[in-house]
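Chain residues, written in single-letter form:
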Amino acid sequence: MNITYLLGAGASYNALPVIDELPSRLNVFATHVKEAKSFLSAVNNKPDFVREEDMQSLLNAIYWLLEEMKTHKTVDTLAKKYYVLSNREPDLIVLKKTLIAYFLFEQRVQTAQLGNVELKTSRYKEIPDKRYDSFIATIISKERGNLTLDPSFKIVTWNYDSQFELAYRSYSEKNDFKFIQQKLQVMPSFITQESRYKFNQNKFGLVRLNGVAGFLSSDVFDNLVHITNHAEVKVHLLGAIAYKFANMLEEEMSVFNYSWESKEQFESVHSEKQTLVEIAHQIMRETNILVVIGYSFPNFNRSVDKLLLQDLRNLQKVYVQDVNAEEVCELIRSSFELKEWHVQVIDDVRYDSKSEQQVPVIPVKGVDQFFIPPEADI
């Protein structure tokens, strides 16, 4: 039984803001950078690479992005606008660099509040989201000392955070980003950029369709920081992130790509970009049970979603775990032709035919733990 999880922003809800909350969190980020910049003259024990001009460059980029986002529904929509307008390519690069810096900050800060009190979405942040830890504990090998994850499980995600690796590191024999990504068969990663790499369908794997924001940075795996007004703490943390923003390597930025980008049209797209979609499609074709968590199938991802969900001849059932599970189920039923397939074997030849019967799409409302389907052999 092959079980695939399709994840959206809601799957990291306890650790990171959902898309509508991003502007308010970018403002928080800017406030901390501004305060750190003001503390520079008072801190004697600061690294040589911490520079006021880098902090100001980062501040300018955050304020610019916030202003640009005011007339767009989401930051992803804004990114697509920059992509299709060839003269805005420099803006797309700045947008990505700013988001990478933001994600490095957000995933280093241990205690902070997310959401909005008035909208009743206020919550304390967990780094990492504890649901990932519970999920890993459920599907990890029962053999003592064997830290591999059940190969019947795969993850395809639209998120560009590092929550899964952060959760898995407490199980890992090495607190090393590269080692953990190899252990989890993460794409894109250090190892998958090698031309000889082939995805192994017989192992656990995690494919990020939009790439990853900042995966080459050791900052993600440093000790988590309790952000305070302590001058030295702020200067060290924000100074390091500002330095990375100002001196970002092409290799790091190129692995953060949206689904609509192509190597032929935008040279900053990493070479395995198309491979990600192909591998995700391969995973989907072998999927028996699909679990959708925190994903609402936005219009700007629709072309890739349709590709992933077409001709799933082995699909038996879809579970949707979301606070608005019924609505997402109806969207799936109306937007994608998820039909059951009949299989006949005559004289050792397999014949597949699509029926008119809809694959069951079942809502799951509880969101305290990631849903494990009853069909799973665990």
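The text that follows walks through the structure, step by step, so that each part is easy to find.

Rules and cut-offs
- Residues numbered from 1 in each chain as written.
- Predicted model: local features only at pLDDT ≥ 70, side-chain atom pairs only at ≥ 80, totals over all residues.
- Heavy atoms only, no water.
- Helix = DSSP H or I, 4+ residues; strand = E, 2+ residues; numbered from the N terminus.
- Buried < 20%, exposed > 50% of the residue type's maximum accessible area, 1.4 Å probe, protein only.
- Polar contact = N/O pair within 3.5 Å; in protein donor to acceptor, adjacent residues only side chain to side chain.
- Contact = heavy atoms within 4.5 Å.
- Axes fitted to C-alpha atoms, helices over the stretch in contact; angles between N-to-C directions.
- Parallel < 35°, antiparallel > 145°, perpendicular 65-115°, else oblique.
- Left-handed = near helix turned anticlockwise from the far one by under 90°.
- Nonpolar A, V, L, I, M, F, W, Y, C, P; charged D, E, K, R; others polar.
- Phe/Tyr/Trp six-rings, centres within 6.5 Å; stacked < 30°, edge-to-face > 60°.
- Lys NZ or Arg CZ within 6 Å of the ring centre and 35° of its normal.

A few words now on the side chain of Asn288. Structurally, Asn288 can be placed in the loop between helix 10 (273-285) and strand 7 (289-293). A relative accessible area of 13% means that Asn288 is categorised as buried. Reaching out from Asn288, the side chain makes a polar contact with the backbone nitrogen of Asn2 at a distance of 2.7 Å. Among the polar contacts made by the side chain of Asn288, one reaches the main-chain carbonyl oxygen of Asn314 at a distance of 3.2 Å. When sequence neighbours within four positions are dropped, the list of residues in contact with Asn288 reads Met1, Asn2, Asn314, Leu315, Gln316 and Lys317.

The residue after Ile127, namely Pro128, is reached through a cis peptide bond having omega -5°. Within the fold, Pro128 resides in the loop between strand 3 (123-124) and helix 5 (130-139). Here the amide bond leading from Met187 into Pro188 is cis, since omega sits at -5°, within 30 degrees of zero. With respect to the helices and strands, the residue Pro188 is situated in the loop between strand 5 (186-187) and strand 6 (205-208). Phi at Gln185 takes a positive value of approximately 50°, unusual for a residue other than glycine. Tracing the chain through its elements places Gln185 in the loop between helix 7 (177-184) and strand 5. Classification of Gln185 as buried rests on a relative accessible area of 6%.

Attention now goes to the packing of helix 1 (residues 22-39) against helix 2 (residues 52-69). Taken N-terminus to C-terminus, the directions of helix 1 and helix 2 make an angle of 160°; their axes are 10 Å apart at the nearest point. In terms of their interaxial angle, helix 1 and helix 2 are classed as roughly antiparallel. Once helix 1 is placed against helix 2, the crossing between them reads as left-handed. Here Leu22, Pro23, Leu26, Asn27, Phe29, Ala30, Val33, Lys34, Ala36 and Lys37 of helix 1 come into contact with helix 2, specifically with Glu52, Met55, Gln56, Leu58, Leu59, Ile62, Tyr63, Leu65, Leu66 and Met69. Of the residues assigned to the contact of helix 1 with helix 2, the class counts are 15 nonpolar, 2 polar and 3 charged.

Scanning the model with the defined rule gives 22 aromatic pairs in all. On the numbers, 5.0 Å between centres and 90° between planes, the contact of Tyr132 with Phe370 is edge-to-face. Placement of Tyr132 in helix 5 and of Phe370 in the segment after strand 11 (361-364) is noted, with a sequence separation of 238 residues between them. Each of the two residues, Tyr132 as well as Phe370, counts as buried. Centre to centre, the rings of Phe135 and Phe164 are 6.4 Å apart; their planes meet at 75°, and the pair counts as edge-to-face. Here Phe164 lies in helix 6 (residues 163-168) and Phe135 lies in helix 5, a separation of 29 residues in the sequence. Classification of Phe164 as buried rests on a relative accessible area of 2%. Its end group placed over the ring of Phe245, Lys97 keeps NZ or CZ at 4.9 Å from the ring centre.

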